[in-house]
Amino acid sequence: MDLPIKKKLEASNLSKNYKKAEVLKQVSFDVGDREFLSILGPSGCGKTTLLRILIGLLEPDSGTLVKDGVDITEAPPHQRKMGIVFQNYALYEHMTALRNVEYALQFHKVPKGEAREKAQQMLELVGLKEHGSKFPRNLSGGQQQRVAIARTLVLNPDIVLLDEPMSALDVAARLSMRRELKRIQQTVGTTIIYVTHDQEEAFALSDRIMIMDSGSISQIDTPENIIRNPANDYVQTFVLDNLQAKIESLMRFIPGKGGVT
């Protein structure tokens, strides 16, 4: 018999208003230890606002956030033991890849030699061992993304938050980063919360997917259960119909599957 998964993070009734517009509406969910949870939804559905509340960059108007049994609703970002990888990577252009990663430890009073060693280990983990002396301008988009991930992981966060991290990458780089991200998670054993608008990406990466619409959760479940039992018409249209359209657009090119011969 499988043991129940320990809850790493619990959000209860989180709400947020902007100029009387309700951006988040009583959002409640939990994330298990070492789970990969994707927050999936279109632009404007509230997923980035939710991410900023989780990391501590925004305060909710109401609701609570509990991590490892401790209420962190009002805790500042540096006390939450979470890391975030932004959409634009936010690397320092005047620093090498190694220095970008090492710099993250500067504010944690880590001795210089130890910081350098940890930064080198993180670059090796993300497959950039030979690229530490390069500046961001000399790295591909996928390599810059890996540096940003290494910079987050070097702080040993309990939870890593990623905000649309692959939106600027080409198709080949996106596929490569998917594999790398899963490999890194399995190696490090961290909990990941991943924000995306891409259905295919969410289904390829996630243990569970939280589908959002207009500030509310439409469904949160495993990819398999969402496919078998969409909760409502929105999930059917936004997720399943879109995935089916992508499949059908490719099937015509596959011999023996109704496509070219």
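Preceding this paragraph is the structure being described.
Residues numbered from 1 in each chain as written. Predicted model: local features only at pLDDT ≥ 70, side-chain atom pairs only at ≥ 80, totals over all residues. Heavy atoms only, no water.

A. Unusual backbone geometry, seen in detail. Although it is not a glycine, lysine 20 sits at a positive phi angle of roughly 75°. Turning to its location among the elements, lysine 20 is positioned in the loop between strand S1 (7-18) and strand S2 (21-32). The exposure class assigned to lysine 20 is exposed, which follows from its relative accessible area of 85%. Phi angles above zero are rare outside glycine, and serine 214 is one such case at about 50°. Relative to the assigned elements, serine 214 resides in the loop between strand S9 (208-213) and strand S10 (216-221). (Helix = DSSP H or I, 4+ residues; strand = E, 2+ residues; numbered from the N terminus. Buried < 20%, exposed > 50% of the residue type's maximum accessible area, 1.4 Å probe, protein only.)

B. Structural detail: the packing of helix H4 (residues 141-153) against helix H5 (residues 171-188). Running from N to C, H4 and H5 point in directions that differ by 20°, and their axes come no closer than 11 Å. In terms of axis orientation, H4 runs roughly parallel to H5. Note on packing geometry: the crossing formed by H4 with H5 is right-handed. Contacts from Gly142, Gln145, Arg146, Ile149 and Leu153 in H4 reach Ser176, Met177, Glu180, Leu181, Ile184 and Val188 in H5. Residues belonging to the contact of H4 with H5 are distributed by class as follows: 6 nonpolar, 3 polar and 2 charged. (Axes fitted to C-alpha atoms, helices over the stretch in contact; angles between N-to-C directions. Parallel < 35°, antiparallel > 145°, perpendicular 65-115°, else oblique. Left-handed = near helix turned anticlockwise from the far one by under 90°. Contact = heavy atoms within 4.5 Å. Nonpolar A, V, L, I, M, F, W, Y, C, P; charged D, E, K, R; others polar.)

C. Seen up close, the sheet that holds S1. One open sheet accounts for 4 strands, arranged S2-S1-S4-S5; its pairing is antiparallel. Looking along the sheet, the strands with just one partner apiece sit at the ends: S2 and strand S5 (70-71). Sitting on the sheet, helix H1 (residues 47-55) is in contact with S1, S2 and strand S4 (62-67), with an inclination near 60° to S2. (Pairing = 2+ DSSP bridges.)

This is a description of form; function is not addressed.
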